[in-house]
Amino acid sequence: MKPKQASLTARIAAFICRFLLGTSARVRVQGFENLRRDGPLIVVANHISNADPPLVYGWLTPALGRQMHILAKESLFVGPVGWFLRHNGIMPVRTGGSDIEAYRAAKAVLDRGEVLCIFPEGTRSLTGVMQEPKLGVAMLATRSGVPVVAIGISGSDTFLGRGMRMPRLGSRITIRAGEPFTLQLDPTQPRRAAMSAASDDLMGHIAELVDEQHRGPFG
């Protein structure tokens, strides 16, 4: 299946993200040669700032050259903003809704051979330190067998951390991409324990790519 190229509106949106963030913070990228340019792909990243989704979208979209989809809370999809998000690969997930609903939306993206980006922690960290992940991401990765690329974001909490009303201009932000891997369950463990271990393994891949102060329990 030929990879779906990023739409014109997605490329424009990515450019706007890069322009706004690149002129207000000092953003550098590492390891982007590891990004997979064809076939289904799960991108997972830590979440320490409101700037993280536009950072990932803005820099990975041109690097991949493909349409990328991100799950986001449904409350963001209001009026013109909602239209813009939907037309740029951002998919609404109902807050408090069924995990099955989110799983099906994510699986449909992978079944089409496209790129899905997920923040496994589900919400921004209050402290800039990595949090425990939701098990649904490991479930999706192990059941689908799709390659996973970890993205580590460092410094975005200093730029626009939780509770900050205005960004701190000139902050240093680093986006690192790891090598693709597949996530598997340990057949010697009970299923729930194996899923929890796989989830921790996934977060460990992200932790290897972030600065030490962000690693927390995954250091």
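Fair warning: this is a prediction, and the values are worked out from it, not measured in the lab. (Residues numbered from 1 in each chain as written. Predicted model: local features only at pLDDT ≥ 70, side-chain atom pairs only at ≥ 80, totals over all residues. Heavy atoms only, no water.)

**A few points about the pattern of salt bridges**
This model, assessed by the stated rule, comprises 4 salt bridges. Notably, a salt bridge pairs Arg-36 with Asp-38, separated by 3.8 Å at the nearest N-O pair. With a relative accessible area of 29%, Arg-36 lands in the partly exposed category. Residue class for Asp-38 comes out partly exposed when judged on its relative accessible area of 44%. (Salt bridge = Lys/Arg side-chain N within 4 Å of Asp/Glu carboxyl O. Buried < 20%, exposed > 50% of the residue type's maximum accessible area, 1.4 Å probe, protein only.)

**Here's the deal with the sheet that holds strand β1 (residues 25-30)**
The strand order across the open sheet formed by 7 strands is β1-β7-β6-β2-β5-β3-β4, and the pairing between neighbours is mixed. Looking at which strands have only one partner, the edges of the open sheet turn out to be β1 and β4 (90-93). Going from strand to strand, the sheet's axes swing by 25 degrees on average, the running direction of each strand aside. Pairing geometry for strand β2 (residues 41-45) and strand β6 (residues 148-154), over 4 bridges, is parallel. Within the sheet, the bridge partner assigned to Ala-45 lies in β6 and is Ile-151. Taken strand by strand, helix α7 (residues 191-207) contacts β2 and β6, and its axis lies near 50 degrees from that of β6. (Pairing = 2+ DSSP bridges. Helix = DSSP H or I, 4+ residues; strand = E, 2+ residues; numbered from the N terminus. Axes fitted to C-alpha atoms, helices over the stretch in contact; angles between N-to-C directions. Contact = heavy atoms within 4.5 Å.)

**Re a negative patch on the surface**
The grouping of Glu-132, Asp-200, Asp-201 and Glu-208 at the surface amounts to a negative patch. Tracing the backbone shows Asp-200 in helix α7. A residue is classified by how much of its surface remains accessible, and Asp-200, at 35% relative accessible area, is partly exposed. (Patch = residues over 30% accessible without salt bridge, like charges linked within 9 Å, V, L, I, M, F, W, Y side chains within 5 Å. Areas by Shrake-Rupley, 256 points an atom, 1.4 Å probe, with all protein chains shown as cover. Lys, Arg positive; Asp, Glu negative; His and termini not counted. Charge placed at Lys NZ, Arg CZ, Asp CG, Glu CD.)

**As for the packing of helix α1 (residues 8-24) against helix α2 (residues 52-64)**
Between α1 and α2, whose axes approach to 8 Å, the crossing angle comes to 120 degrees. One finds that α1 runs oblique with respect to α2. The hand of the α1/α2 crossing is left-handed. Of the residues in α2, those touching α1 at Ala-10, Ala-13, Ala-14, Cys-17, Arg-18, Leu-21 and Gly-22 are Pro-54, Leu-55, Tyr-57, Gly-58, Trp-59, Thr-61 and Pro-62. Along the lines of polarity and charge, the residues of the contact of α1 with α2 split into 10 nonpolar, 3 polar and 1 charged. (Parallel < 35°, antiparallel > 145°, perpendicular 65-115°, else oblique. Left-handed = near helix turned anticlockwise from the far one by under 90°. Nonpolar A, V, L, I, M, F, W, Y, C, P; charged D, E, K, R; others polar.)

**Describing the nonpolar core**
Residues Leu-60 and Ile-151 are the most contacted members of the largest nonpolar core, which totals 36 residues. Within the residue set of this core, elements represented by two or more residues are α1, β2, α2, β3 (68-73), β5 (115-118), β6, α6 (156-160) and β7 (171-177). At 7 residues, α2 tops the list of elements feeding residues into this core. The contacts of Leu-60, once residues within four sequence positions are left out, are Phe-32, Leu-35, Val-43, Gly-65, Met-68 and Ile-151. (Core = buried A, V, L, I, M, F, W, Y, C linked by side-chain atoms within 4.5 Å.)

**Here we look at the environment of Arg-168**
Among the structural elements, Arg-168 can be located in the loop between α6 and β7. Note: C-alpha distance between Arg-168 and Ala-25 (143 residues apart in sequence) is 8.0 Å. Among all residues touching Arg-168, those that are not within four sequence positions of it are Ser-24, Thr-158 and Phe-159.

So, to be careful, I would describe these as geometric facts and stop short of saying anything about function.
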